[in-house]
Amino acid sequence: MGMFERDTEIYLDRDALREDYQPANLVGRDTELNRYRAALQPVINGEQPNNIFLYGKTGVGKTAGTRYLIDHLEEDAAKYEDIDLTVKMLNCDGLSSSYQIATRLVNEFRDETSQISTTGYPRATVYDMLWTELDSCGGTIYIVLDEVDHIEDDSILYQLPRARANDNLSSAKIGIIGISNDFSFRDDLSPKVKSSLCEEEIQFPAYDAKELIQILQQRADVAFHDGVLEDGVIELCAAYGAKDAGDARQSLDLLMKTGDLARDKATDTISEDLVREARDVLERGRIQEGISGLTQHGHLVVYAMVTLDQEGKTPARTRDIRPRYTNFAEKAGIDPLVPRRMRDHLGELSMLGIISAIERNEGRRGGTYREYSLEMDPEMILAALEKTVDDVGIHKSVANLVDNEATLSDFQST
């Protein structure tokens, strides 16, 4: 017998639980997909495409829905001789400037022998190259910018939608689809960009437990052998997912980790207890990965949130968090950030799922603001913040949770 043997007892098709798996039909997003389909309809009518802006938290179906509808749009557009549709999808993670986006787009339309470098050209020259490539392609062109909130300047978000009106293009008809995990991104756009990019806005809310059950059941039917999942497993994974900000990706990761544990333990079935064990493993990993990627200021903001949570003072507004954070920064011997930069850290923590953010609107008198709550186990967070706790000191609210000898790896399931 070889060192590696194929496992076939638990999984029928494990890849069906992966993020990049594309089911034949998307479940749990009927309302949003109907609005999205209507926004894409002008392409089939041979009209100027709409600019569409999608926003919502990570794992709520924005990118999956886009891929699903774009696949159908390309397939249906091919039936019409007078429609020539080209779609380019770009993930903006790691591309922080309009210049980088523009050079990447130029290269998307060129063959490998004609690629340009990402530095060294005046921005106006790169834009001229882009207009040339777009007009040479011609027809209807949709450019999808996933994680568009990574772009720090909005020049490209103005230039692309306005290219035809500004006489930069003569034949090509351009549509932009911007996808953002950051609710506040659209608020920070300049008015001229917002009016163009956000022509059609579609918000993808968090999934509720019922919708997550539909998604998990659809994938589980493909992924697992019959009889492997015990009663309640799908429902428990969905309940955890609904608690974790309605993130389908986390729910699917949980189901996959549970299946992997069952395979490692050589069990015949997957139980609710195994789901709980898998969740502890994943949560430890998410906390460790999320916190390790933060700056020192990010660590101080997390520590402030944990202490406020233990005092029963969450959900908390930025103005309530800031004094605690400022106090911790001073104790750590560093200058506190200005309020706006501190809010950026809160937004980052929200995207990581360490905290949650709820937007409140109290009308003309109270205005709009966000309230933040802790989403992950405070003991695990404190264990990952060991250096920060050493620098700042143990706050009285968490004295009973801090074990100076504990590390994150000590929080194992029993």
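The structure this text deals with has already been given above.
Residues numbered from 1 in each chain as written. Predicted model: local features only at pLDDT ≥ 70, side-chain atom pairs only at ≥ 80, totals over all residues. Heavy atoms only, no water.

A. The overall build of the protein chain, seen in detail. Scanning the protein chain from terminus to terminus reveals 17 helices and eight strands. In terms of overall size, the protein chain behaves like a compact globule, its C-alpha atoms giving a radius of gyration of 24 Å where 414 residues would be expected to give roughly 22 Å. Taken along the three principal axes of its C-alpha coordinates, the protein chain extends 70 × 60 × 50 Å. Of all 414 residues assigned to the protein chain, the portion counted as buried reaches 48%. The positive charge centre, built from 46 side chains, and the negative charge centre, built from 75, are 7 Å apart in the protein chain. (Helix = DSSP H or I, 4+ residues; strand = E, 2+ residues; numbered from the N terminus. Rg over C-alpha atoms; globule rule 2.2 N^0.38 Å. Buried < 20%, exposed > 50% of the residue type's maximum accessible area, 1.4 Å probe, protein only. Lys, Arg positive; Asp, Glu negative; His and termini not counted. Charge placed at Lys NZ, Arg CZ, Asp CG, Glu CD.)

B. Quick look at empty space enclosed by the protein. Taken as a whole and assessed by the stated rule, the structure comprises two cavities of 30 Å³ or more. Taken together, 14 residues make up the lining of the largest cavity; nearest its centre are Asp-244, Ala-245, Gln-250, Ser-350 and Gly-353. Residue contributions to the lining of the largest cavity peak at three residues, all from helix α11 (residues 272-292). Of the residues that constitute the lining of the largest cavity, the class distribution is three nonpolar, four polar and seven charged. Shared between two domains, the lining of the largest cavity takes at least three residues from each, and those domains are domain 2 (207-290) and domain 3 (294-403). Taken as a whole, the second largest cavity spans an internal volume of roughly 50 Å³. (1 Å grid on protein atoms, 1.4 Å probe; cavity = no way out; pocket = protein on both sides within 12 Å on 5 of 7 lines; lining within 4 Å. Points joined across faces, edges and corners; volume = space filled by probe spheres on them. Nonpolar A, V, L, I, M, F, W, Y, C, P; charged D, E, K, R; others polar. Domains from an automatic or database assignment.)

C. Molecular detail of the sheet that holds strand β3 (residues 140-146). Taken in spatial order, the five strands of this open sheet run β2-β3-β4-β1-β5, and their pairing is parallel. Taken across any chain shown, the strands that pair with only one partner, and hence form the sheet edges, are β2 (85-91) and β5 (200-203). Strand after strand, the sheet turns through a mean of 15 degrees between neighbouring axes, direction not considered. In this sheet, β5 lies alongside strand β1 (residues 52-55) in parallel orientation, the contact comprising four bridges. Each bridged residue has a counterpart across the sheet, and for Leu-54 the counterpart in β5 is Ile-202. Its contacts with the sheet place helix α2 (residues 62-77) against β1, β2, β3 and β4 (173-180), and it is angled at close to 165 degrees to β2. Its contacts with the sheet put helix α3 (residues 98-109) on β2 and β3, and the angle it makes with β2 is roughly 135 degrees. (Pairing = 2+ DSSP bridges. Axes fitted to C-alpha atoms, helices over the stretch in contact; angles between N-to-C directions. Contact = heavy atoms within 4.5 Å.)

D. Main features of the environment of Ile-101. Examined against the element boundaries, Ile-101 turns out to sit in helix α3. The exposure class assigned to Ile-101 is buried, which follows from its relative accessible area of 0%. It is 48 Å that separates the C-alpha atoms of Ile-101 and Lys-396, two residues lying 295 residues apart in sequence. Contacts of Ile-101, omitting those with residues within four sequence positions, involve Leu-90, Cys-92, Leu-95, Leu-145, Ile-151 and Ile-156.

E. Structural view of the packing of helix α12 (residues 296-310) against helix α14 (residues 339-352). The interhelical angle for the contact between α12 and α14, taken along N-to-C directions, is 75 degrees, at an axis separation of 10 Å. Comparing their axes, α14 and α12 come out roughly perpendicular. In this structure, α12 uses His-297, Gly-298, Val-301, Val-302 and Met-305 to contact α14, whose residues at the interface are Met-342, His-345, Leu-346 and Leu-349. Residues belonging to the contact of α12 with α14 are distributed by class as follows: six nonpolar, three polar and no charged. (Parallel < 35°, antiparallel > 145°, perpendicular 65-115°, else oblique.)

F. The packing of helix α8 (residues 209-223) against helix α9 (residues 233-243), seen in detail. The N-to-C vectors of α8 and α9 enclose an angle of 130 degrees; their axes lie 8 Å apart at closest approach. With respect to α9, the element α8 is oriented oblique. Where α8 crosses over α9, the handedness of that crossing is right-handed. Listed contacts from α9 to Ala-209, Leu-212, Ile-213, Leu-216, Gln-217 and Ala-220 of α8 are Ile-234, Glu-235, Cys-237, Ala-238, Gly-241 and Ala-242. For the contact of α8 with α9, a count of residues per class yields nine nonpolar, two polar and one charged. (Left-handed = near helix turned anticlockwise from the far one by under 90°.)

G. Just the packing of aromatic side chains, in detail. Under the criterion given, the structure shown has five aromatic pairs. Seen in terms of ring centroids, Tyr-303 and Phe-328 are 4.6 Å apart; in terms of plane orientation they differ by 25 degrees. Their pairing is stacked. One end of the pair, Tyr-303, is in helix α12; the other, Phe-328, is in helix α13 (residues 318-331), and 25 residues separate them in sequence. Between Arg-29 and the ring centre of Tyr-207, over which it is positioned, the NZ or CZ distance is 3.9 Å. In this structure, Lys-192 is placed above the aromatic ring of Tyr-158, and the distance from its NZ or CZ to the ring centre is 4.4 Å. (Phe/Tyr/Trp six-rings, centres within 6.5 Å; stacked < 30°, edge-to-face > 60°. Lys NZ or Arg CZ within 6 Å of the ring centre and 35° of its normal.)

H. Representation of the sheet that holds strand β7 (residues 355-361) within the structure. With antiparallel pairing, the three strands of this open sheet are ordered in space as β6-β8-β7. A strand with exactly one partner marks an edge of an open sheet, and here the two such strands are β6 (316-317) and β7. Sheet topology note: the β6/strand β8 (residues 368-374) ladder contains two bridges and is antiparallel. Bridge pairing in β8 links Arg-317 to Glu-371. Seen against the sheet, α12 touches β6, β7 and β8 and runs at an angle of roughly 80 degrees to β8.

Just distances and angles here, no functional claims.
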